[in-house]
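Results of the structural survey
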Amino acid sequence: MSGRQINESVEKPFRLTAIRFSHYVEKVRWTMDRLGIPYLERPLMPMVHFMVTPFVTGLSGHADEHSTRFSTPVIKTDRNEVIVKSSAIMCYLSERCLSEDETLFPTEEVVQLDEHYNRYLGPHTRRLFYFNVLNQPDLMFELADRNVGAGQAWLFKTLYRSFRRWIRSGLGITRERVDKGIGHIYKEFDRVAQTLSDGRPYLFGDRLTAADISFACLGGAAMLPTPAEGYGAYLPPLDRCSDELRRVSTELRESDAGKWVLGLYRVERGKRVIPALPSLS
Ligand SMILES: N[C@@H](CCC(=O)N[C@@H](CS)C(=O)NCC(=O)O)C(=O)O
């Protein structure tokens with residue numbers, strides 16, 4: 001399915017404003033790549049995004065209990081519509097490009113499971129990631145060097161100490177919450193394995209839905225998938241991560257649900273077909 005033709009109903013490339021390595025952004029990139037939507041990505045580092053997204057969303061941003069109204073992903077379509085929130089964007093793309101038989105949101109259960117992952121899985125994997133990686137400035141600096149342009153990377157590194165403090169307090173990152181979160185992540189992976197244990201290829205049967213993409217991105221990010229494995233941004237290499245992050249990622253990779261997610265990246269996501277800025281080579 002990866003490598004679909006450029007969608008001909010699209011008049012000019014969409015614009016994706018994105019904290020480049022975000023797993024919520026990956027949901028949208030996956031969907032756009034899958035549907036052949038041409039887009040240009042404006043890649044951002046966290047905190048630097050506050051200097052950009054207000055100019056894109058104006059007053060239309062949407063806050064929830066885990067993110068501000070200036071959060072990403074945000075897209076601007078070929079018709080100049082600005083859409084915020086990963087699931088709303090996926091829904092728009094699905095309605096615009098897919099028939100009723102192909103929709104990514106075929107039932108209310110799919111909508112609910114996607115939202116469940118938005119609210120109860122994405123925040124836990126993100127806290128686990130930041131709790132560990134913020135303590136390794138060299139890894140954070142490499143994320144900047146590999147994911148955004150040189151000027152922005154310089155700004156991020158220069159203001160890193162303040163940014164780190166704000167990220168920690170903004171996301172409520174504490175040892176206790178991370179410990180609880182790890183339990184939740186394992187539980188969600190177990191639940192997925194149980195659902196798939198009857199042999200079905202996807203969470204809702206024999207077709208890929210938004211819930212599969214959502215789990216693969218919001219849960220799968222804890223396994224730190226690489227661009228070669230299909231992830232649309234650069235995440236830190238496992239062998240340089242802290243013992244805790246490496247242990248959890250490795251255990252998830254070896255679990256049934258983790259293997260299934262890596263298979264989804266391989267078969268359904270594939271490598272990105274639309275060049276992004278800057279290059280991920
Ligand atoms: N509910 C939003 C959440 C997205 C989200 O949390 N994005 C993070 C990136 S991991 C972000 O931009 N955070 C910065 C902020 O909240 O200002 C969605 O699904 O799009």
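If you're wondering where the values come from, they're calculated on a predicted model, not measured in any experiment.

**A look at the overall build of the chain**
In terms of helices and strands, the chain carries 12 helices and four strands. Scored against the burial criterion, the 281 residues of the chain give a buried share of 41%. Long-range pairs, those at least 24 residues apart, make up 76% of the contacts in the chain with a sequence separation of at least 6.

**Looking at the domain arrangement of the chain**
One widely used convention gives an interface's size as the accessible area the parts lose upon coming together. Domain boundaries in the chain define domain 1 (14-97) and domain 2 (108-269). The C-alpha centroid of domain 2 is placed 18 Å from the C-alpha centroid of domain 1. Each partner contributes to the interface: domain 1 provides 19 residues, whereas domain 2 provides 28 residues. Looking at the side of domain 1 that touches domain 2, the elements that each hand over two or more residues are helix H1 (23-35), strand E2 (39-44) and helix H3 (86-97). Ranked by residue count, the leading element in the side of domain 1 that touches domain 2 is H1, at seven residues. Looking at the side of domain 1 that touches domain 2 residue by residue, the class counts come to 10 nonpolar, five polar and four charged.

**With respect to the pairing of E2**
Across the six residues that make up E2, a large majority, five, are buried. Sheet topology note: the strand E1 (residues 14-19)/E2 ladder contains six bridges and is parallel. If you follow Arg15 over to E2, its bridge partner there is Leu40. Between E1 and its parallel partner E2, the chain crosses via H1, and the hand of that crossover is right-handed.

**What about the packing of H1 against helix H10 (residues 210-218)?**
It is at 8 Å that the axes of H1 and H10 come closest, and there the two elements cross at 140°. On the basis of the axis angle, H1 is oblique to H10. In this structure, H1 crosses over H10, and the sense of that crossing is right-handed. For the pair H1 and H10, the contacting residues are His23, Glu26, Lys27, Trp30 and Thr31 in the first and Ile213, Ser214, Cys217 and Leu218 in the second. Looking at the contact of H1 with H10 residue by residue, the classes come out as four nonpolar, three polar and two charged.

**Looking at the pairing of E1**
For a regular strand, side chains alternate in direction, first toward one face of the sheet and then toward the other. Burial analysis of E1 places five of its six residues in the buried class, the great majority of the element. Of the pairings in the sheet, the one linking E1 to strand E3 (residues 74-76) comprises three bridges and is antiparallel in character. From the neighbouring strand, Arg15 faces E3, where its bridge partner is Lys76.

**Regarding the nonpolar core**
If you look at the biggest cluster of nonpolar residues, it comprises 64 residues, and the most contacted ones within it are Leu128, Phe215 and Val261. Looking at which element gives the most residues to this core, the answer is H10, with seven residues. Residue assignment places this core across two domains, with domain 1 (14-97) and domain 2 (108-269) each supplying three or more. When sequence neighbours within four positions are dropped, the list of residues in contact with Val261 reads Phe215, Ala216, Gly219, Gly220 and Met223.

**Let's talk about the environment of Arg240**
Among the structural elements, Arg240 can be located in the loop between H10 and helix H11 (243-254). For Arg240, a count of 13 C-beta atoms within 10 Å puts it in the partly exposed group. For the pair formed by Arg240 and Leu139, sequence separation is 101 residues and the distance between their alpha carbons is 8.1 Å.

**Considering H3**
Taking 1.5 Å of rise per residue, 12 residues should cover 16 Å, and H3 covers 16 Å from first to last C-alpha, within 8% of that figure. Taken residue by residue, H3 has Ser86, Ile89, Met90, Leu93 and Cys97 as its buried positions. Projected down its long axis, H3 shows its buried positions confined to an angular sector of 100°, all on one face. Its buried side turned inward, H3 meets H1, E3, strand E4 (82-84), helix H4 (108-120) and H10.

Cut-offs and rules
- Residues numbered from 1 in each chain as written.
- Predicted model: local features only at pLDDT ≥ 70, side-chain atom pairs only at ≥ 80, totals over all residues.
- Helix = DSSP H or I, 4+ residues; strand = E, 2+ residues; numbered from the N terminus.
- Buried ≥ 20, exposed ≤ 12 C-beta atoms within 10 Å, placed from the backbone.
- Contact = placed C-beta atoms within 7 Å.
- Domains from an automatic or database assignment.
- Nonpolar A, V, L, I, M, F, W, Y, C, P; charged D, E, K, R; others polar.
- Pairing = 2+ DSSP bridges.
- Right-handed = clockwise from strand over helix to strand, strands pointing away.
- Axes fitted to C-alpha atoms, helices over the stretch in contact; angles between N-to-C directions.
- Parallel < 35°, antiparallel > 145°, perpendicular 65-115°, else oblique.
- Left-handed = near helix turned anticlockwise from the far one by under 90°.
- Core = buried A, V, L, I, M, F, W, Y, C linked by C-beta atoms within 7 Å.
- Expected span 1.5 Å × (residues − 1).
- Arc of directions from axis to C-beta.

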